[in-house]
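Architecture at a glance
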Amino acid sequence: MTDAPVVGIPSDPEIERLDATAALCLSGGGYRAMVFHVGVLWRLYETGLLAGVKRISSVSGGSITAGVLALQWRELSFRPDTIKSEFIPKFVAPLRAFAGVTIDAESVILGALLPGSIGDRIASAYDEHLFHGRTLQDMPDEPRFVINATNVQSGVLWRFMKPYMRDYRVGKVSKPNIALAQAVAASSAFPPVLSPFELRLRDSDFELNSGTDLQRPPFTTRVVLSDGGVYDNLGLETAWKRHETVFVSDAGGKIEAEEKPETDWARHSYRVLNLIDNQVRSLRKRQVIDSFKSKARKGAYWGIRTDIADYALPDALDCPLARTMQLAELPTRLKRLDDTTQERLINWGYAVCDAALRAHVDATLQPKPAFPYPNSGV
């Protein structure tokens, strides 16, 4: 497809046909996305669809959620009757506890005043609260978890996976023993305050001749990374090219109108860059949805800004647009969310995922949907 949301790169293998398998893409958006995707995964888990996913590709806030899921994957039986005994205590509970702690403000202040970078402090917080020293090698072999960052030096995607991490221009490092917290910190280093994240490597870590044109120091020794959403805001790149069915969960933000935009060069430039980014995000989203509509791809897209009424389901969960838009407008921060807001976000992710799946994938999905936290609604 000439209007596909991703483009080929020199290292892509020749694929005659897509794998008849499913992939899941989790967007960024700080704690807002992290918690929204918990609700999405809740519905996918209880319907049995999550167990069949072969690749989970994530960026930014979605990578926090994906990282916890990766570590807990082998501990889950993926039966609907294990929601309370396994899914909630092993996956939901640690993410909810983490969402109750602000980590960005302290990391920025201490990173500016004390030795050590902001990115290193974010990684330390992730490790303390969620990952506890685990590395990329602690992720399962299947499904393939792909944590995406943007290489500021090469201008392309840097992929963290269990078998390898790579940038097609810089090269490939096999079986990387990188802390999972570092990979997630790189993926969620959203600019300007949390970016960049620096990864220190050795030139000898890379497989010989595995990069196209930049496999040399300092590209191979001091890797400067930013938020994965800078390059691929939906985490599509590594999923779309291989899998026939793609589920896309989008909790990304949207630039707001400004009556009096700043005119100094720094803030005006930042505003213009955000406008460009917003247009790229919108274009990619339209291309994804058009691919589903034209039957070029199977799957579904849902977003935190979706109007659930658009799915025209008579039994969709009650999610008034005015209420869900309040959740969509939460700032892209790693800032504490109170319990009620967390429960509303989880309920909304669950409800809109359910509506998209039943409208476009399988109208007979069971069990019948019900808010995970019925007293909170959306």
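Scroll up to find the structure this text is about.
Residues numbered from 1 in each chain as written. Predicted model: local features only at pLDDT ≥ 70, side-chain atom pairs only at ≥ 80, totals over all residues. Heavy atoms only, no water.

Comments concerning the pattern of salt bridges
Following the criterion strictly, the structure yields 19 salt bridges and no others. As a salt-bridge pair, Glu-142 and Lys-54 come within 2.8 Å of each other at their nearest N and O atoms. One end of the pair, Glu-142, is in the loop between α5 (118-131) and β3 (144-151); the other, Lys-54, is in strand β2 (residues 53-59), and 88 residues separate them in sequence. The exposure class of Glu-142 is exposed, given its relative accessible area of 51%. (Salt bridge = Lys/Arg side-chain N within 4 Å of Asp/Glu carboxyl O. Helix = DSSP H or I, 4+ residues; strand = E, 2+ residues; numbered from the N terminus. Buried < 20%, exposed > 50% of the residue type's maximum accessible area, 1.4 Å probe, protein only.)

Some points on the nonpolar core
Core analysis: the largest hydrophobic core is formed by 97 residues, its most contacted members being Ile-56, Tyr-126, Phe-160, Leu-199, Trp-302 and Trp-348. Among the elements that take part in this core, helix α1 (residues 30-47) stands out by supplying 11 residues, more than any other. Setting aside residues up to four positions removed in sequence, Phe-160 forms contacts with Leu-136, Phe-145, Val-146, Ile-147, Ala-149, Met-165, Ile-178, Ala-183, Ala-186, Leu-199 and Leu-225. Counting 13 residues, the second largest nonpolar core, distinct from the first, contains Cys-25, Leu-234, Ala-239 and Trp-240. (Core = buried A, V, L, I, M, F, W, Y, C linked by side-chain atoms within 4.5 Å. Contact = heavy atoms within 4.5 Å.)

Looking at the packing of aromatic side chains
Here the structure, examined in full by the defined rule, presents 13 aromatic pairs. Between Trp-73 and Phe-78 the ring centres are 4.5 Å apart and the planes differ by 50°, which places this aromatic pair in the tilted class. Grouping residues by exposure puts Trp-73 and Phe-78 together as buried. By the ring-pair criterion, three or more aromatic residues cluster together here, those being Trp-42, Tyr-45, Trp-73, Phe-78, Phe-87, Phe-91, Phe-145 and Tyr-373. Seen from the ring of Trp-240, Arg-297 lies directly overhead, with NZ or CZ sitting 4.4 Å from the centre. (Phe/Tyr/Trp six-rings, centres within 6.5 Å; stacked < 30°, edge-to-face > 60°. Lys NZ or Arg CZ within 6 Å of the ring centre and 35° of its normal.)

Thoughts on the layout of surface pockets
Here the second largest pocket is characterised by a volume of approximately 920 Å³. Taken together, 33 residues make up the lining of the second largest pocket; nearest its centre are Ile-289, Phe-292, Ala-300, Tyr-301 and Tyr-311. Secondary structure elements with two or more residues in the lining of the second largest pocket: β9 (243-250), α8 (265-293) and β10 (298-303). The biggest single contributor to the lining of the second largest pocket is α8, with 7 residues. A per-class count over the lining of the second largest pocket returns 11 nonpolar, 11 polar and 11 charged. (1 Å grid on protein atoms, 1.4 Å probe; cavity = no way out; pocket = protein on both sides within 12 Å on 5 of 7 lines; lining within 4 Å. Points joined across faces, edges and corners; volume = space filled by probe spheres on them. Nonpolar A, V, L, I, M, F, W, Y, C, P; charged D, E, K, R; others polar.)

Examining the side chain of Ser-187
Note on placement: Ser-187 falls in helix α6 (residues 180-187). Ser-187 sits in the buried class, given a relative accessible area of 0%. Setting aside residues no more than four positions away along its own chain, Ser-187 makes contact with Ser-58, Val-59, Ser-60, Ser-63, Ile-147, Asn-148, Ala-149, Asp-227 and Gly-228.

Brief notes about empty space enclosed by the protein
Tallied over the full model, the rule gives 2 cavities of 30 Å³ or more. There is about 70 Å³ of room inside the largest cavity. Considering the residues around the largest cavity, the lining is formed by 10 residues, among which Ile-9, Val-156, Leu-157, Arg-159 and Tyr-168 are closest to the centre. Mapped onto the lining of the largest cavity, the elements with two or more residues apiece are β4 (157-160) and β5 (164-167). Considering only residue class, the lining of the largest cavity consists of 5 nonpolar, 1 polar and 4 charged. If you add up the space inside the second largest cavity, you get close to 40 Å³. Residue lining of the second largest cavity: Gly-119, Ile-122, Ala-185, Ser-188, Ala-189, Leu-194 and Phe-197, and that is the complete set. A per-class count over the lining of the second largest cavity returns 5 nonpolar, 2 polar and no charged.

Topic: the side chain of Arg-43
When you line up the elements, Arg-43 lands in helix α1. Reaching out from Arg-43, the side chain makes a polar contact with the backbone oxygen of Pro-367 at a distance of 2.8 Å. Apart from the residues lying within four places of it in its own chain, the contact partners of Arg-43 are Tyr-350, Cys-353, Asp-354, Leu-365, Gln-366, Pro-367, Lys-368 and Pro-369. (Polar contact = N/O pair within 3.5 Å; in protein donor to acceptor, adjacent residues only side chain to side chain.)

Details of the pairing of β5
Side chains Tyr-164 and Arg-166 project from β5 onto one buried face, and the interleaved Met-165 and Asp-167 project onto a second face that is buried too. With 2 bridges joining them, β4 and β5 adopt antiparallel strand pairing. What sits directly across from Arg-159, in β5, is Arg-166. Count of turn residues in the β5/strand β6 (residues 171-174) antiparallel hairpin: 3 residues. (Pairing = 2+ DSSP bridges.)

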